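For reference, the chains in residue letters:
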Amino acid sequence: MARPRKPLLSIDRIVATARALVDTEGLAALSTRRLAAELGVSGPSLYNHFRTKDEILEAVADSVSAQVDLSMFDDGRPWRTALHDWAVSYRTALRDHPNIVPVLARGPGRRPAALRLADAVYGAMVEAGWPPAQATSIGALMRYFIMGSALGSFAGGFVDDRSAYDPADYPHLGQAHLLADQQEKVDERAFETGLAALLDGLTQQYERLGRTA
């Protein structure tokens, strides 16, 4: 009787399995031994595709960058609309995979999808008429803002316990115990408020350059 065939080991399968492991258990859970066990293979077989665990993490991070929609920079949307829609897509990808954000926060390095993302944003801003130096700054400030919004929940940081907010000590936090229950709504509203403020400020700068948004 023929032996049952083992699932074919591929880069895509390794990355998908590693990403799922990081998503569910965090960065500390990922090791080549644990990953090999999840894949049902021997540890050394991973080294046919990746030399180190760090290379696997880089690939996982890039797979998340690849989920960010970049079509808005090619379909004729005004730069402000494109920047808004890209920021929303970027944050969605990070929100779906929050445990990999610390790796993404290091910068694009040599990761292809991350570099395509940076290239698309910078290119669109320069094409819209922003000076190159300012286009670089826009890409940087947007990344700071989006990454920061994905590193943790503001609303989720407040405990669901009214007694923690004694009005004698915190006279303005009488409703703070309700925040955790409204976490998604509060965090989404905060992101959109911050994003609108950033874009309003950029629009004013753009107009001072003598251009019309």
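Just so you know, these numbers come straight off a predicted model, no measurement behind them. (Residues numbered from 1 in each chain as written. Predicted model: local features only at pLDDT ≥ 70, side-chain atom pairs only at ≥ 80, totals over all residues. Heavy atoms only, no water.)

A. Focus on the packing of aromatic side chains. Enumeration over the complete set of coordinates arrives at eight aromatic pairs. Note on F73 and W86: the rings are 6.2 Å apart at their centroids and 55 degrees apart in plane angle, and the pair reads as tilted. Residue F73 is found in the loop between α4 (53-65) and α5 (79-96), and its partner W86 is found in helix α5; the two are separated by 13 residues along the sequence. Across the pair, W86 and F73 agree in class, each one buried. Ring geometry for W79 versus Y206: centroids 5.1 Å apart, planes at 55 degrees, classification tilted. With a gap of 127 residues between them, W79 in helix α5 and Y206 in helix α9 (residues 183-208) connect regions that are remote in the sequence. Under the relative-accessibility criterion, W79 is labelled buried at 6%. The exposure class of Y206 is buried, given its relative accessible area of 4%. One aromatic cluster is present, built from ring pairs that chain together F73, W86 and Y90. The ring of F191 has R91 lying over it, and the distance from NZ or CZ to the ring centre is 4.6 Å. (Phe/Tyr/Trp six-rings, centres within 6.5 Å; stacked < 30°, edge-to-face > 60°. Helix = DSSP H or I, 4+ residues; strand = E, 2+ residues; numbered from the N terminus. Buried < 20%, exposed > 50% of the residue type's maximum accessible area, 1.4 Å probe, protein only. Lys NZ or Arg CZ within 6 Å of the ring centre and 35° of its normal.)

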